[in-house]
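# Residue-level structural notes
Given next are the chains, with one letter for each unit.
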Amino acid sequence: WIALLLVAPTALGHSVTHEVLYICLFVDIAWICTRVTSLYPDGRLIVVLLFIGSAGVQALLALAEYFSGHSFNLYGGAGTAAYSAQSYFFTYGTSIRTTGTFFDPISLGNVLAMAFPFAMLVLLRREIRFGYRCFAGVTALALVAGLAISLSRASWLGAIVGVLCLAFFSHDV
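Residues numbered from 1 in each chain as written. Predicted model: local features only at pLDDT ≥ 70, side-chain atom pairs only at ≥ 80, totals over all residues. Heavy atoms only, no water.

A count of helical and extended segments in the chain gives six helices and zero strands. When the helices and strands of the chain are placed in sequence order, the string is α-α-α-α-α-α. The proportion of buried residues among the 173 residues of the chain is 36%. Within the chain, residue pairs in contact and separated by at least 24 positions form 59% of the contacts whose partners lie at least 6 positions apart. (Helix = DSSP H or I, 4+ residues; strand = E, 2+ residues; numbered from the N terminus. Buried < 20%, exposed > 50% of the residue type's maximum accessible area, 1.4 Å probe, protein only. Contact = heavy atoms within 4.5 Å.)

Structural data, given as structure tokens:
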């Protein structure tokens, strides 16, 4: 039933049940995260690594989109699919802002900005296994590159504030 909730909003498109399915999906993902954190000794770390990894994939897709000049349109016309100076709303001067698999570059920037402090936290924690720390470090580089090409200035500020909060609230890093 979890896979059905993940696939149904994409298959149904725009409808009244679309929002209901998104709410169910949100509750479902919150439940999965709660179960993972309660069932496994390193459950919180697993959830954080999955979040960092999925944001890293988004950053890599944005980089591929930036260098290839072709956008990913997973929404069948609901998102912005074409890069042209006349029709693309999110241009910045002559620069095209990448979206990854999101509707817009602002959403991409927000997700990357949320993931970056978590990647830095995993990278800096000495008690976390070396392989996880290396993964977080490489992913943090991809996140910074994705943030840079998103041209989302508010997301840049969000990532900076997140890292400052990490430094301020983490006494044992």
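We are not done yet, so read on.
This part covers helix α6 (residues 153-169). Here α6 spans 24 Å end to end across 17 residues, near enough to the 24 Å set by a 1.5 Å rise per residue. Residues of α6 that are buried in the fold lie against α4 (105-124) and α5 (130-150). (Expected span 1.5 Å × (residues − 1).)

Tallied over the entire structure, the rule returns three aromatic pairs. Here Y66 and F67 contribute two aromatic rings whose centre-to-centre distance is 5.2 Å and whose plane-to-plane angle is 75 degrees, an arrangement assigned as edge-to-face. Centre to centre, the rings of F168 and F169 are 4.9 Å apart; their planes meet at 80 degrees, and the pair counts as edge-to-face. Both residues of the pair, F168 and F169, belong to the exposed class. (Phe/Tyr/Trp six-rings, centres within 6.5 Å; stacked < 30°, edge-to-face > 60°.)

Bringing the pattern of salt bridges into the picture now. When the charged atoms of two side chains with opposite charge come close together, those side chains can pair. Applying the stated criterion to the full structure yields one salt bridge. Residue R125 pairs with E127 through a salt bridge whose shortest N-O separation is 2.6 Å. The class for E127 is exposed, based on a relative accessible area of 53%. (Salt bridge = Lys/Arg side-chain N within 4 Å of Asp/Glu carboxyl O.)

Moving on, we come to α5. Across its 21 residues, α5 extends 30 Å between first and last C-alpha, which sits within 8% of the 30 Å expected from 1.5 Å per residue. All of the buried residues along α5 are A136, G137, T139, A140, A142, L143, G146, L147, I149 and S150. Packing partners of the buried residues in α5 comprise α3 (43-68), α4 and α6. One or two positions beyond α5, positive phi appears at L151, with a value near 55 degrees.

Before going further, it helps to examine a nonpolar patch on the surface. Among the surface-exposed residues, L39, Y40, I46 and L50 lie close enough to one another that they form a single nonpolar patch of about 410 Å² accessible area. Overall, the relative accessible area of 33% leaves I46 in the partly exposed class. (Patch = residues over 30% accessible without salt bridge, like charges linked within 9 Å, V, L, I, M, F, W, Y side chains within 5 Å. Areas by Shrake-Rupley, 256 points an atom, 1.4 Å probe, with all protein chains shown as cover.)

With that settled, the discussion passes to the nonpolar core. With 26 residues, the main nonpolar core has A55, L112, F116, V122 and L143 as its most contacted residues. Those elements that provide at least two residues to this core are α3, α4, α5 and α6. Here this core gets nine residues from one element, more than from any other, and that element is α4. With sequence-adjacent residues up to four places away left out, V122 is seen in contact with L45, V48, L49, I52, I128, Y132, R133 and A136. (Core = buried A, V, L, I, M, F, W, Y, C linked by side-chain atoms within 4.5 Å.)

Let's shift gears to the environment of V122. Its location among the elements puts V122 in helix α4. Each C-alpha atom, one on V122 and one on R133, is 5.8 Å from the other, the two residues being eleven residues apart in sequence.

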